[in-house]
Amino acid sequence: MSSKVESVAIPVVEEQLRLDRETVETGRVRVTTVPEERTETISEPVIRSDVIVERVARNEEVESVPPIRQEGETMVVPVVEERLVKKLFLVEEVRLSRRTTSETVEQEIKLRSQRAVVEREEPGGNTQQEE
């Protein structure tokens, strides 16, 4: 009895991995801005200062020009003139007083703003809107 040995070739197989990347659009986004305008009323106190002018006739003889002086809230400005007799006369005093008043003023003001509207479009054609 004789035995025969047969040789069999067994192939060696190796798998290799190859990775590719591909950009796939899954949807789109559109952003629009919508201008809006609203009116608001503000109320603020406003302070106003007025000057009250009062002229007081004096017609007094003086030795020299009197200085400007303060009497409480009133500033006194002397007005003099020289006459032919070469003497100074206090003709009048101009009295300046300040009066401050406060009143509340209301005013309407327009304010502008923007609102963003976002629309998402999915591949199937479905559109969703977000605000």
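Residues numbered from 1 in each chain as written. Predicted model: local features only at pLDDT ≥ 70, side-chain atom pairs only at ≥ 80, totals over all residues. Heavy atoms only, no water.

Secondary structure summary: the protein chain contains 0 helices and 5 strands in total. Its helices and strands taken in sequence order, the protein chain reads β-β-β-β-β from the N to the C terminus. For the protein chain, whose C-alpha radius of gyration is 49 Å, the value lies well above the compact-globule estimate of 14 Å for 131 residues. If one aligns the C-alpha atoms of the protein chain with their principal axes, the spans along those axes are about 170 × 35 × 25 Å. Expressed as a percentage of its 131 residues, the buried residues of the protein chain come to 11%. Here the contacts in the protein chain between residues at least 6 apart in sequence split such that 67% fall between residues at least 24 apart. As displayed, the protein chain has an accessible area near 12300 Å², and 48% of this comes from carbon and sulfur atoms. (Helix = DSSP H or I, 4+ residues; strand = E, 2+ residues; numbered from the N terminus. Rg over C-alpha atoms; globule rule 2.2 N^0.38 Å. Buried < 20%, exposed > 50% of the residue type's maximum accessible area, 1.4 Å probe, protein only. Contact = heavy atoms within 4.5 Å. Areas by Shrake-Rupley, 256 points an atom, 1.4 Å probe, with all protein chains shown as cover.)

Below, the discussion takes up the confidence of the model for the protein chain. With 97% of its residues at a pLDDT of at least 70, the protein chain reaches an overall mean of 87. No element of the protein chain has a lower mean pLDDT than strand 5 (residues 127-130), which averages 75, and none a higher one than strand 2 (residues 69-71), which averages 94. (pLDDT = per-residue confidence, 0-100.)

This brings us to the pattern of salt bridges. Per the counting criterion, the structure on display carries 16 salt bridges. Here K87 and E61 are joined by a salt bridge, their closest N and O atoms 3.9 Å apart. Here K87, found in the loop between strand 3 (74-82) and strand 4 (88-121), pairs with E61, found in strand 1 (residues 28-62); they are 26 residues apart in sequence, far enough to count as distant. Judged by relative accessible area, E61 falls into the partly exposed class, the value being 46%. Via salt bridges that share partners, R58, E60, R69, E71, E93 and R95 belong to a single interconnected network. (Salt bridge = Lys/Arg side-chain N within 4 Å of Asp/Glu carboxyl O.)

If you trace the backbone, T74 turns up in strand 3. Residue T74 is classed as buried on the basis of its relative accessible area of 15%. A distance of 2.8 Å separates a polar atom in the side chain of T74 from a polar atom in the side chain of S97. Setting aside residues up to four positions removed in sequence, T74 forms contacts with R69, R95, L96 and S97. (Polar contact = N/O pair within 3.5 Å; in protein donor to acceptor, adjacent residues only side chain to side chain.)

Here E106 shows up in strand 4. In this structure, the C-alpha to C-alpha distance between E106 and T41, residues 65 residues apart in sequence, is 6.6 Å. Excluding its chain neighbours within four sequence positions, the residues that come into contact with E106 are T41, I42 and S43.

By the element assignment, E93 lies in strand 4. Engagement of the side chain of E93 in a polar contact is seen with the side chain of R95, the distance being 3.2 Å. Every residue in contact with E93, bar those within four places of it in the chain, is listed here: E54, R55, V56, R58, R69, V76 and V77.

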